[in-house]
Amino acid sequence: MSLFKKKETLIRSMPLMAMMAAINVIFSLFTAFVPLLSVALIIFIPLTSSLIEVYCKDRYFPIYAIATLGLSVVVSLSAIDFTLFYLVPSIVTGYVFGLMAKKNFPSLWGIFIASILQTGISFAFIPLIKVITERNLIDDIKIILQVNDSVYFNNLLILMFFIVALIQTVLSFIVVSNELKKFGVKNDDQKDYRLPVALATILSSGLAVGLFFVYVPISLICVGFAWYFAVFSLIFEIKKVNKIAIIVMGSMLLVNLFAFAGLNQFIEKGGEFILLGIAPLCISLISLGFYFCHYRVNCFHPF
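The structure contained in this document is the topic of the report that follows. Bear in mind the structure is a predicted one, so any value in this text is a computation, not a measurement.

### Looking at the overall build of the protein
Argument step 1. In terms of helices and strands, the protein carries 12 helices and zero strands.
Argument step 2. The linear arrangement of helices and strands in the protein, starting from the amino end, is α-α-α-α-α-α-α-α-α-α-α-α.
Argument step 3. By residue count, 48% of the 303 residues in the protein fall in the buried class.
Argument step 4. Across the protein, every contact between residues at least 6 apart in sequence was considered, and the portion connecting residues at least 24 apart equals 75%.
Argument step 5. As presented, the protein carries roughly 15,400 Å² of accessible surface, and 73% of it is formed by carbon and sulfur atoms.

Below you can see the structure in the form of structure tokens.
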């Protein structure tokens, strides 16, 4: 399809930018009139911006962003709060992720950074939208999800935002990485990142425990970080076909799930989610052990 090719000029970029802007406008209309459906549609919004960044010159992206935002606001004035909340963070993070992918930034860190950025911008917009529209967006989300009486929702809100951002970014990664292969750009994912990933998991787990006594929502998002890095540790071992590590890590996941199910009734409300941080910590320690064993063998047997 001629639209999905590298664009060198503004004239050649405009059809693709117009199509992606139109998709975002349609999503904004659905958000305004079918709020529940918007929960599913927001998953795809950053992808449009990532594709624009991949196919078009960097200097043309502001034109696309301004046109998309302006048209979306005009057609969904009745739900401008949701439009701003969904669209602005998605445009920014779609651009950032597309740029990192185009620069061959390791996907492990690119996905994580873009997801953190999306989460941060979304939360920054909540008080701004309240000032502009005098509406509490959190209460609206509770109504849409029908969780008004949930005792966990406020503590889990940041983690939920991070998970949504993560799903958005992973979807963008799957599509964008395939498109970049057409230009001869390959992800820098062949390196062994087990050491930094294991250390990031341990740090996240430690922060989850320490911050639980300070601010539970931040503690729980650290559990999410730990799981993110632990999954990559498991992926690295699968790529290396390390059967022992895979079996041990898989067993830890099952033990952690059973521990969560059996012990949460004895723990203070909200604290039971910290139990979910046990498996990532164990997985990272196992991965670290295999990494140092492999490193030691290579040191003594370099050939």
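### Considerations on the pattern of salt bridges
Argument step 1. Overall, the coordinates contain two salt bridges when judged by the stated rule.
Argument step 2. Two residues, Glu53 and Lys102, come together in a salt bridge whose shortest N-O distance is 3.1 Å. In this pair, Glu53 is assigned in helix 3 (residues 45-55) and Lys102 in helix 5 (residues 80-102), connecting sequence segments 49 residues apart. In this pair, the class of Glu53 matches that of Lys102, namely buried.
Argument step 3. Its salt-bridge partner being Asp58, residue Lys102 comes within 3.0 Å of it at the nearest N-O pair.

### Some remarks on the packing of helix 6 (residues 107-133) against helix 10 (residues 216-239)
Argument step 1. With their axes 11 Å apart at the nearest point, helix 6 and helix 10 run at an angle of 160° to one another. Taken together, the axes of helix 6 and helix 10 are roughly antiparallel relative to one another. For the crossing formed where helix 6 meets helix 10, the hand is right-handed. Here Ser107, Leu108, Trp109, Ile111, Phe112, Ile116 and Thr119 of helix 6 lie close against helix 10, whose contacting residues are Ile221, Phe225, Tyr228, Phe229 and Phe232.
Argument step 2. Partitioning the contact of helix 6 with helix 10 into residue classes produces 10 nonpolar, two polar and no charged.

### Things to note about the packing of aromatic side chains
Argument step 1. For the structure shown, the criterion picks out 12 aromatic pairs.
Argument step 2. Centre to centre, the rings of Phe112 and Phe225 are 5.2 Å apart; their planes meet at 80°, and the pair counts as edge-to-face. Within this pair, whereas Phe112 is found in helix 6, its partner Phe225 is found in helix 10, the two being separated by 113 residues in sequence. Assigned by exposure class, Phe112 and Phe225 land together as buried.
Argument step 3. Seen in terms of ring centroids, Phe112 and Phe229 are 4.9 Å apart; in terms of plane orientation they differ by 50°. Their pairing is tilted. On the criterion of sequence distance, the pair formed by Phe112 in helix 6 and Phe229 in helix 10 is long-range, its members being 117 residues apart.
Argument step 4. Classification of Phe112 as buried rests on a relative accessible area of 15%.
Argument step 5. Assessed through its relative accessible area of 3%, Phe229 is described here as buried.
Argument step 6. Members of the aromatic cluster, connected to one another through ring pairs, are Trp109, Phe112, Phe162, Phe225, Tyr228, Phe229 and Phe232.

Reading guide: rules and limits
- Residues numbered from 1 in each chain as written.
- Predicted model: local features only at pLDDT ≥ 70, side-chain atom pairs only at ≥ 80, totals over all residues.
- Heavy atoms only, no water.
- Helix = DSSP H or I, 4+ residues; strand = E, 2+ residues; numbered from the N terminus.
- Buried < 20%, exposed > 50% of the residue type's maximum accessible area, 1.4 Å probe, protein only.
- Contact = heavy atoms within 4.5 Å.
- Areas by Shrake-Rupley, 256 points an atom, 1.4 Å probe, with all protein chains shown as cover.
- Salt bridge = Lys/Arg side-chain N within 4 Å of Asp/Glu carboxyl O.
- Axes fitted to C-alpha atoms, helices over the stretch in contact; angles between N-to-C directions.
- Parallel < 35°, antiparallel > 145°, perpendicular 65-115°, else oblique.
- Left-handed = near helix turned anticlockwise from the far one by under 90°.
- Nonpolar A, V, L, I, M, F, W, Y, C, P; charged D, E, K, R; others polar.
- Phe/Tyr/Trp six-rings, centres within 6.5 Å; stacked < 30°, edge-to-face > 60°.

Such coordinate-based values are descriptive only and should not be taken to indicate function.
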